[in-house]
Amino acid sequence: MNCLFDLDGVLVDTAKYHYIAWRNLAQRLGFEFTEQDNERLKGVSRMASLEILLEVGGLTGKYSDSEKEAMAAEKNAEYVRLITQMTPDEILPGAREFLTALRAEGIGVALGSASKNAQTILDRLELTSLFDAIIDGTKVSKAKPDPEVFLKGAEALGAQPSECCVFEDAAAGIEAARRGGMHCIGIGNPQVLSQADFCVNALADMTVERLRELFNK
Ligand code: B16
Ligand code: MG
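The sections below set out a description of the structure shown in this document. Please read all numbers here as calculations on a predicted model, not as lab measurements.

What counts, and at which threshold
- Residues numbered from 1 in each chain as written.
- Chains lettered and ligands numbered in written order.
- Predicted model: local features only at pLDDT ≥ 70, side-chain atom pairs only at ≥ 80, totals over all residues.
- Heavy atoms only, no water.
- Buried < 20%, exposed > 50% of the residue type's maximum accessible area, 1.4 Å probe, protein only.
- Helix = DSSP H or I, 4+ residues; strand = E, 2+ residues; numbered from the N terminus.
- Pairing = 2+ DSSP bridges.
- Axes fitted to C-alpha atoms, helices over the stretch in contact; angles between N-to-C directions.
- Contact = heavy atoms within 4.5 Å.
- Salt bridge = Lys/Arg side-chain N within 4 Å of Asp/Glu carboxyl O.
- Lys, Arg positive; Asp, Glu negative; His and termini not counted.
- Core = buried A, V, L, I, M, F, W, Y, C linked by side-chain atoms within 4.5 Å.

Structural notes on the pairing of strand S1 (residues 2-5)
Residues Asn2 and Leu4 line one face of S1 and the alternating positions Cys3 and Phe5 line the opposite face, and both faces are buried. Alignment of S1 against strand S2 (residues 108-112), held across four bridges, turns out to be parallel. Within S2, the residue paired with leucine 4 across the bridge is alanine 110. Inspection of the sheet shows S1 paired to strand S4 (residues 164-168) by four bridges, in the parallel sense. Its bridge partner being in S4, phenylalanine 5 is matched across the sheet by phenylalanine 167.

This is the structure:
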C-alpha cells in the first residue's frame, strides 16, 4: 500500500499566499480579483491560473506570450517571498501525524503537486524527510486532471496504481487519480469531490486502519 499527497489544500493552505500575489497582479492590471475568483485557481497550473485571471479581468487575448511569462514571473516572485516566511505551524491539522504513522507502518509516501515551489514549501514546513518521492510541477508536463503526476509518483515508489491511494482537495486532482486507476480520498466537500472513494474534512480524520479498510474492501 502507498499514499500520494497533493500539497496545497491537503498538507498546507498555500492558496491564501497565491491569492495575495494574484490579487496584487490584478490590481496592477487595473481590476479586482476576489477570493471567490481565487477558488477557480486551486490545483490549476501557474500559466492556466494566469489565463483564468485575465479572463476575470476581461483581458483574454490582450497580451503576448512573453508579456504573460513576465506577469507569471512577477506573481511568482511575490509568492516565493511570502512562502519563504512560512513555518511548520502552518501544516494543516493531522497532516504530520498521519504521514509519520504511514512511515512507521512502512507505507510508501509521495508528493503529487502541480506546484513548482513544492520543495521550498516542504522544506519550510520541515516535512521533506517524511517523503520517499517528490513529484511536483518541475517534473511533469501535463496538469491534473491528467494522471501524469500521480503515475510518476507510483512509479517512483515502485508501486502499481491499484496499490496507491491519492489524497486530494481539488476535483481535477480526484479525476487525475481516477484516470490513473488509483484509490482516492477527498479532503473537503463530498459534493464537490463526488468521484472520491470517500471524503474527510482533514487528514486529522484519517488513520492507517481506515486506509486499510479501503484497500481490503
Ligand atoms: P506554482 P497543488 C497547486 O498546488 C495550487 O493549488 C495552484 O493554485 C497553483 O497554481 C499550482 O499549484 C502551481 O503552483 O505557481 O507554485 O507552480 O494543489 O497541486 O499542490
Ligand atoms: Mg490542492
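Here's the deal with the sheet that holds S2
The strand order across the open sheet formed by six strands is S3-S2-S1-S4-S5-S6, and the pairing between neighbours is parallel. Lying at the two open borders of the sheet, with one neighbouring strand each, are strand S3 (133-135) and strand S6 (198-200). Taken pair by pair, the neighbouring strands of this sheet meet at an average axis angle of 25°, ignoring direction. Helix-sheet contacts for helix H5 (residues 95-104) involve S1, S2 and S4, and the interaxial angle to S1 is about 155°.

Topic: the pattern of salt bridges
As enumerated under the stated definition, the model contains twelve salt bridges in all. Residue glutamate 175 pairs with arginine 179 through a salt bridge whose shortest N-O separation is 3.3 Å. Taken together, the residues glutamate 175 and arginine 179, both in helix H8 (residues 171-179) and four residues apart, mark about one turn of the helix. Residue glutamate 175 is classed as partly exposed on the basis of its relative accessible area, which comes to 29%. Given a relative accessible area of 49%, arginine 179 falls into the partly exposed group. Within this structure, Asp6, Lys144 and Glu168 form a network of salt bridges that share partners.

Points about the side chain of aspartate 169
With respect to the helices and strands, the residue aspartate 169 is situated in the loop between S4 and H8. Look at aspartate 169: it is buried, it has no salt bridge, and the nearest opposite charge is lysine 42 at 5.5 Å. Beyond its immediate sequence surroundings of up to four residues, aspartate 169 is in contact with Asp6, Asp8, Gly9, Val10, Ile187 and Leu193.

A short note on the nonpolar core
Core analysis: the biggest nonpolar cluster contains 38 residues, and Phe5, Leu11, Leu102, Phe131, Phe167, Leu203 and Leu211 have the highest contact counts within it. Contact partners of leucine 203, with chain neighbours within four places excluded, come to Phe5, Val10, Leu11, Pro93, Gly94, Ala95, Phe98, Phe167 and Ile187. Membership of the second largest hydrophobic core comes to 19 residues, among which are Leu4, Ala133, Phe150 and Ala176.

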